[in-house]
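Take a look at the letters that make up each chain.
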Amino acid sequence: MKIVIPGGTGQVGGILNRALTAAGHEVVVLTRRPVRAREVAWDGATPGPWVATVDGSDVVINLAGRSVSCRYTPANLQEMMRSRVDSARVVGEAIAAAARPPRVWLQMSTATIYTHRFDAPHDEATGEIGGSEPGVPDCWAFSVEIAKEWERAQEQAATPDTRKVALRSAMVMSPDRGGVFDVLLLRLARLGLGGPVAGGAQYVSWIHDRDFVRAVEFLVDRSDLTGPVNLAAPGPLPQRDFMRALRAAWGVPVGLPATKWMAELGAFALRSDTELLLKSRRVVPGRLLEAGFAFEHDTWPKAAEDLVRRVRGARAAG
């Protein structure tokens, strides 16, 4: 198949590009700064020569959007909104104008769309969309608005011959440098800082990188699935348990706890935001499980052990 990945140079794009190329597919990445073979220039907002890559393709997987790994300043939040909505809109326009449109358009979204809660999980059928919970910070509510507008841009695209799926993805865990697992392991757990944050009761939803790829392939093949789909392992767990399992996988016995204000300082130092640490994301893959998808890594302790082995193996080889 010919697969086009707008915004495919980040961590998740790299995971998909490697796996899909290894499987024998022709993968074309749309990026602002093309430097490798099969990379094509685009600006993520306006049509251009890149639209020719969409015409005649089989699958489009749009990952484009400003990284959430930043301080949630008003300017950065607006850029997150603009980059996501503009890219989804212009991808939809390219698909609509294609003489031979792709049969499926997978649009990245986020598990952040759900409400901050501890008492029950969110699946696609019963999950509560967030943004109006009492006491949540304004920037958390704005993150939900970004997710809603992101999905709305895909929903409103006039692409009757192309099936559309919104990927409400949890954090994708991979051994790649610079990814979220790398940050949790190298900057926190290995230094003894990977303890409970603000009590650690907030849930962490995650998905192993190989299950993420397998889920994408599953959704490409299943012509009966449309709309939002949660890409998350079926075992979300409280942050304190999540970090305990990560420390055990690496062999670090102790993780110092952090209060909320300590988390604020740490997030500031990492040029990130505390939403990534403090919001409770208890998301489960209802539609994937109902459709018969079988996770290879459904529990975090075993997934963490696999990821740690791969990190150590890569270091030994390199």
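For the structure itself, consult the block above.
No experiment lies behind these values; they were computed from the predicted model shown.

**Student:** In this structure, what is going on with the packing of helix α3 (residues 74-97) against helix α4 (residues 138-155)? I would like to understand it.
**Tutor:** Two quantities define a packed helix pair, namely the angle between the helix axes and the distance between the axes. The contact between α3 and α4 brings their axes to 8 Å, and the two run at 10°. Considered as vectors, α3 and α4 are oriented roughly parallel to each other. Across from L77, Q78, M80, M81, R84, V85, A88 and R89 in α3, the residues of α4 making contact are C139, F142, S143, E145, I146, E149, W150 and A153. Per-class residue counts for the contact of α3 with α4 are ten nonpolar, two polar and four charged.

**Student:** Hey, could you run me through the pattern of salt bridges in this one?
**Tutor:** Here the idea is simple: oppositely charged side chains can pair when their charged atoms come close. As enumerated under the stated definition, the model contains 18 salt bridges in all. Of the charged contacts, one joins E79 and R82 as a salt bridge, the two residues approaching to 2.7 Å between their closest N and O atoms. Taken together, the positions of E79 and R82, both in helix α3 and three residues apart, correspond to about one turn of that helix. Looking at E79, the relative accessible area reads 28%, which means it is partly exposed. Overall, the relative accessible area of 34% leaves R82 in the partly exposed class. Members of the salt-bridge network, linked through shared partners, are E79, R82, D86, R89 and E93.

**Student:** Honestly, the nonpolar core in this entry has me stumped. Any pointers?
**Tutor:** Considering soluble globular proteins, one finds that nonpolar side chains tend to be buried as a cluster. Counting residues in each nonpolar core, the largest one holds 35 residues, and the members touching the most others are L16, I61, L106, F212, L219, L231 and L288. With near-sequence residues (within four places) excluded, L106 lies in contact with V60, I61, N62, Q154, V165, L167, V216, L219 and V220. Among the nonpolar cores identified, the runner-up in size contains 22 residues, and M173, A189, A233 and V252 belong to it.

**Student:** Would you explain the pairing of strand β6 (residues 163-169) in this entry?
**Tutor:** As a general feature of sheets, a regular strand has side chains that alternate between the two faces. Here β6 lies mainly inside the structure; seven of its seven residues are buried. Burial of the side chains of β6 extends over both faces: R163, V165, L167 and S169 are buried on one face and K164, A166 and R168 on the other. One ladder, built from five bridges, connects β6 with strand β10 (residues 227-231); its direction is parallel. Its bridge partner lying in β10, R168 is registered against N230.

**Student:** I'm lost on the pairing of strand β5 (residues 104-108) in this one. Help?
**Tutor:** Of all five residues making up β5, five are buried, and the element is well covered by its neighbours. By the alternation rule, side chains of β5 split into V104, L106 and M108 and W105 and Q107, which are all buried. As defined by bridge partners, strand β4 (residues 59-62) adjoins β5 across four bridges and the pair is classed as parallel. Bridge assignment links V60 to a residue of β5, and that residue is W105. Regarding the hand of the β-α-β motif, the stretch spanning β4, α3 and β5 is right-handed. With five bridges joining them, β5 and β6 adopt parallel strand pairing.

**Student:** It is not clear to me how unusual backbone geometry should be interpreted in this structure. Could you clarify?
**Tutor:** Most peptide bonds are trans, and most residues other than glycine sit at a negative phi. The phi dihedral of R38 is positive, around 65°, even though this residue is not glycine. Relative to the elements of secondary structure, R38 occurs in the loop between β2 (26-31) and β3 (39-41).

**Student:** Please explain the packing of helix α1 (residues 11-22) against helix α6 (residues 209-221) as it appears in this structure.
**Tutor:** Taken N-terminus to C-terminus, the directions of α1 and α6 make an angle of 65°; their axes are 10 Å apart at the nearest point. When the axes of α1 and α6 are compared, the pair comes out roughly perpendicular. α6 is crossed by α1, and the crossing has right-handed handedness. On the side of α1, the interface is formed by V12, I15, L16, A19 and L20, while α6 contributes D209, F212, V213, V216 and E217.

**Student:** Quick question: what am I supposed to make of α1 here?
**Tutor:** The periodicity of an α-helix, 3.6 residues per turn, causes residues three or four positions apart to be oriented the same way. Helix length check: α1, at twelve residues, gives a terminal C-alpha distance of 17 Å against a target of 16 Å (1.5 Å per residue), a fit within 8%. Inspection of α1 places V12, G13, G14, I15, L16, N17 and L20 among the buried residues, and these make up the whole buried set. Check the buried side of α1 and you find it contacts β1 (2-6), β2, β4, β5, β7 (171-173) and α6. Directly beyond the C-terminal end of α1, a positive phi value near 100° is found at G24.

Rules used throughout
Residues numbered from 1 in each chain as written. Predicted model: local features only at pLDDT ≥ 70, side-chain atom pairs only at ≥ 80, totals over all residues. Heavy atoms only, no water. Axes fitted to C-alpha atoms, helices over the stretch in contact; angles between N-to-C directions. Helix = DSSP H or I, 4+ residues; strand = E, 2+ residues; numbered from the N terminus. Parallel < 35°, antiparallel > 145°, perpendicular 65-115°, else oblique. Contact = heavy atoms within 4.5 Å. Nonpolar A, V, L, I, M, F, W, Y, C, P; charged D, E, K, R; others polar. Salt bridge = Lys/Arg side-chain N within 4 Å of Asp/Glu carboxyl O. Buried < 20%, exposed > 50% of the residue type's maximum accessible area, 1.4 Å probe, protein only. Core = buried A, V, L, I, M, F, W, Y, C linked by side-chain atoms within 4.5 Å. Pairing = 2+ DSSP bridges. Right-handed = clockwise from strand over helix to strand, strands pointing away. Left-handed = near helix turned anticlockwise from the far one by under 90°. Expected span 1.5 Å × (residues − 1).

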